[in-house]
Amino acid sequence: MTAHRPCCSPSRHSALPSTGQRRPPEFGSDSGDDVLPCHTELEMNPFDGLPYSSRYYKLLQERKRLPVWGAKDVFMASLAASPFVVLSGDAGIGKSSQIAQWCAEYCLSSKYQHGSVVCTQPDKQMAVCLALRVADEMDVNIGHEVGYVIPFENCCINETILRYSTDEMLLQEMMSDPLLKHYVVIIVDETHKRTVWTDVLLGLLKDIVRQRAELKVVIITSPHVSNILHTYFGEAPLIQVESKEDTEGPLKVVYSSMPQENYFLPALRLLFNIHNTREKGDVAMFLSCKKEIDEACKIIDQEVSKQHPMLRELLPIPLYPEQIRSFNRPSNNLENGKRFKRRVILTTNAGDSLLCIRNVKFVIDVGMERRKVYNPRIRAESLVMRPISKIQAKMRTEITDTARLGKCFRLYTEEFLMKEMPDLSPARVQESNLTRMVLFLKRMDIADMGQCDFIERPAPEALMQALEDLDYLAALDDDGNLSEIGIIMSEFPLDPQMAKALIASCEFDCVHEMLTIAAMVIAPYCYLDAPPGSDEVAHTCRRKFFHPEGDHFTLINVYTAFTQCKMISSAEFSEDEKWCSDNFLSCAALRIAEAIRADLLAIMQRIELPISEPAFGTQKNSLNIKKALLSGYFMQTARDVDGLGNYIMLTHKHVTQLHPFSSYCSTRLKPEWVLFHEFTISENNCIRIVSEVSPEMFVQLTPPYYFSNMPHSESKELLQEIIDRLKLSTNGEQHHGINKENDTTEKNLSHPNEDKCTIQ
């Protein structure tokens, strides 16, 4: 398993003001002192051998009121009798937190003879959120008895009883432990989201159970796909948990009377209308993409200054895709004498991602989503606008506070719901780039993709493209198995292209620089959008980091400046946060990049790859960085065809422009040939993180069979001319060398004595 940054926590029974580790405020903890129940003897916690705190009993009463609690006896009996158990239920019934604790009790009953418990989540933030909550409910320490493992962060020890993990990290663990012998119960949660790694994990677990009779697998899903999973796992026991009915009445769903051509502005008008009614409660608004979230935040901030002083303040909270947070503090309390605040949570996520939000009374659902769909023919993602599924629409009605009446405003007609929305969203395995998945399956010695029992088969074209790309990257040998390079690539939790670039950096003596680039492109985007009216100031701040060689080099400058600021700052966080704010950079993103870089360096040291000394700033080092990048990203190159910044991809005919944050946008002359990190087909096609490369370097580092398979274009003709010229030059040098060798031989034959004397 890969190395991770450790997570530490204070001892639960250390000299702290409280008897137990307090539940974080975002989980609704009370600041008041609890009273211990009157027991003649203190009850001991079997997981850590210490007395239960008073908080444990309070939370236990809350747990017993959850709808899932009534299914505990049935679940425990099914777990003991069957290798697979499928449990389904709506959002908010407590299944993600309680099932894992019951499984820990099951392991405790056998004294952990066969292993511990792991519960997987598709999203890393939810894994952390649940680990914190469950540790609090079990009255144990986070990072000890309960922990979490997410990419580039490990908050567990060897003795951890229950760990929350992402699907991807558990699969990563399988490379060193194929049968997952460390665990006796594996819980796969949120399976209805159907991510690539979830589907792969489900398929492999079916095979592992055949080889480990003691292993138990629990599948947690929504009711809409429970029958599919029930059949998939061979008629496994199916436990369906019903939600408790709202005591004050059902949720009111309001449909639009007519189809909306443009839903964005009507959604904002509806928000302000709700706010003007002065009804209490927060608002959750589901939009289609991050761009709409940002625009909505700006408009809300502008309108707040114009509203009536007697109205509560509107507080927009953006919740971006794959970023799950908890907002449980009540918003209708006065804070330091300020006005009441109404929170507006703006997101694109499915409704169950907002389980932890309390006090949400109003939901505004636009019914559309922008989803990235990968096209294997052109090796690019497209941003597709399409209706959400009926399941997503239903789940968005389930986040309202059950303690009061809620309203869900759907900005689409009921006819649109019935006729245009699909029942289920397509599985991600049918719409994603499968190159990394295929690399993992090859590492697991699954040569034939048919050996992995997918719920739904990936498209054959996508699998063929993934195999072809791995072949181009030299990850496969002549028999189609992983080569030595491919095995090393699979050790990194990275896309195969970046893994290959990192390996190539060992050859080109630029390891430290490539580690920084890899960390910066994996971490969230470090540049912050400038507030209104400060665009020029933000651009001036960014310009001081610009590097003439390209955006990859600019990222190295940003990271270096950040680490230098941390070294000279007196406080641990305050100085670097201020520095980032002054330079319109995300401090959180740069801290994540720092952790990622340390983890990648640890992996390289573990597998004993050569690590060169830093040499950033020299001309030779800049060339070496480009060579390493091209070794992995030769399939992501483009050429400026008119000198105006209109770039055409070498693999297809799409025209694109540079991203506005690119360092080249501030220069008059644009590079002709570029390598880019990211491209998505959308309204404004942009290539992001771009650096200049020479066509001569491209033809020298690109596999000949990849070049021969490139579609015919003017760019390919120019590259062919360069190849011919280089061949001619090479042949000329060889011919000159042969003539020189012949002249030397004739000279030696005509003066044999001189040659003999010279040798002596």
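In this report, the structure presented in the accompanying data block is examined.

Cut-offs and rules
Residues numbered from 1 in each chain as written. Predicted model: local features only at pLDDT ≥ 70, side-chain atom pairs only at ≥ 80, totals over all residues. Heavy atoms only, no water. Pairing = 2+ DSSP bridges. Helix = DSSP H or I, 4+ residues; strand = E, 2+ residues; numbered from the N terminus. Axes fitted to C-alpha atoms, helices over the stretch in contact; angles between N-to-C directions. Contact = heavy atoms within 4.5 Å. Buried < 20%, exposed > 50% of the residue type's maximum accessible area, 1.4 Å probe, protein only. Arc of directions from axis to C-beta. 1 Å grid on protein atoms, 1.4 Å probe; cavity = no way out; pocket = protein on both sides within 12 Å on 5 of 7 lines; lining within 4 Å. Points joined across faces, edges and corners; volume = space filled by probe spheres on them. Nonpolar A, V, L, I, M, F, W, Y, C, P; charged D, E, K, R; others polar. Core = buried A, V, L, I, M, F, W, Y, C linked by side-chain atoms within 4.5 Å.

Side note on the sheet that holds strand E5 (residues 162-166)
Next up, step 1: Taken in spatial order, the eight strands make up an open sheet running E4-E3-E5-E2-E6-E7-E1-E8, and their pairing is mixed. Sheet topology places strand E4 (153-155) and strand E8 (238-241) at the edges, where each strand pairs with a single neighbour. Adjacent strand axes in the sheet meet at a mean angle of 20 degrees when their direction is disregarded.
Next up, step 2: Across five bridges, the pairing between strand E1 (residues 84-89) and strand E7 (residues 216-221) is parallel. Looking across to E7, one finds that Leu 87 is bridged to Ile 220.
Next up, step 3: Lying on the sheet, helix H6 (residues 196-211) is in contact with E1, strand E2 (116-121), strand E6 (183-188) and E7; it crosses E6 at an angle near 145 degrees.

So, the pairing of E2
Next up, step 1: Taking burial as the measure, the six residues of E2 include six buried ones, the bulk of the element.
Next up, step 2: Note that E2 and E5 share five bridges and pair parallel. Looking at the pairing, Gln 121 lines up with Thr 166 of E5.

A few points about helix H17 (residues 535-543)
Next up, step 1: Here H17 has its buried residues at Ala 538, Cys 541 and Arg 542. Projected onto a plane normal to the axis of H17, the buried residues spread over an arc of 95 degrees and lie on a single side. Residues of H17 that are exposed and angled more than 90 degrees away from the buried face: Glu 536 and Arg 543.

Regarding the sheet that holds strand E9 (residues 252-255)
Next up, step 1: One open sheet holds the six strands; their spatial order is E9-E16-E13-E10-E12-E11, and the pairing between them is parallel. Every other strand in the sheet has two partners, leaving E9 and strand E11 (313-319) as the edge strands with one partner each. For this sheet, the mean angle separating the axes of adjacent strands, direction not counted, is 20 degrees.
Next up, step 2: Note that E9 and strand E16 (residues 407-410) share four bridges and pair parallel.

Notes on helix H1 (residues 54-64)
Next up, step 1: Where H1 is concerned, the buried positions are Ser 54, Arg 55, Tyr 56, Tyr 57, Leu 59, Leu 60 and Arg 63.
Next up, step 2: Against helix H3 (95-109) and helix H4 (124-138) lie the buried residues of H1.

A few points about unusual backbone geometry
Next up, step 1: Its identity as a non-glycine residue notwithstanding, Leu 180 has a phi of 50 degrees, on the positive side.
Next up, step 2: Inspection of the secondary structure assignment puts Leu 180 in the loop between helix H5 (167-174) and E6.
Next up, step 3: Using a relative accessible area of 0% as the deciding quantity, one classes Leu 180 as buried.
Next up, step 4: Of note in the backbone geometry, Ile 689 takes a positive phi value of approximately 60 degrees without being a glycine.
Next up, step 5: Here Ile 689 is to be found in strand E21 (residues 686-692).
Next up, step 6: Residue class for Ile 689 comes out buried when judged on its relative accessible area of 8%.

Description of empty space enclosed by the protein
Next up, step 1: Here the structure, examined in full by the defined rule, presents five cavities of 30 Å³ or more.
Next up, step 2: There is about 120 Å³ of room inside the largest cavity.
Next up, step 3: Contributing to the lining of the largest cavity are 13 residues, with Gln 172, Trp 197, Arg 436, Phe 440 and Ser 490 lying nearest its centre.
Next up, step 4: Those elements that provide at least two residues to the lining of the largest cavity are H5, helix H12 (435-443) and helix H14 (484-490).
Next up, step 5: Its residues assigned to classes, the lining of the largest cavity comprises nine nonpolar, two polar and two charged.
Next up, step 6: The space that makes up the second largest cavity amounts to roughly 100 Å³.
Next up, step 7: Along its surface, the second largest cavity is lined by Tyr 525, Tyr 527, Asp 551, Thr 554, Leu 555, His 659, Phe 661, Ser 662, Ser 663, Arg 688 and Ile 689.
Next up, step 8: Within the residue set of the lining of the second largest cavity, elements represented by two or more residues are helix H18 (551-568) and E21.
Next up, step 9: Among the elements that line the lining of the second largest cavity, the one with the most residues is H18, at three residues.
Next up, step 10: When grouped by side-chain class, the residues that make up the lining of the second largest cavity number five nonpolar, four polar and two charged.

Section: the nonpolar core
Generally speaking, a soluble globular protein has its nonpolar side chains buried in company with each other.
Next up, step 1: Formed by 119 residues in total, the largest nonpolar core has its most connected members in Met 437, Phe 492 and Leu 600.
Next up, step 2: Grouped together as the second largest cluster of nonpolar side chains are 46 residues, Phe 47, Leu 79, Ile 161 and Ile 239 included.

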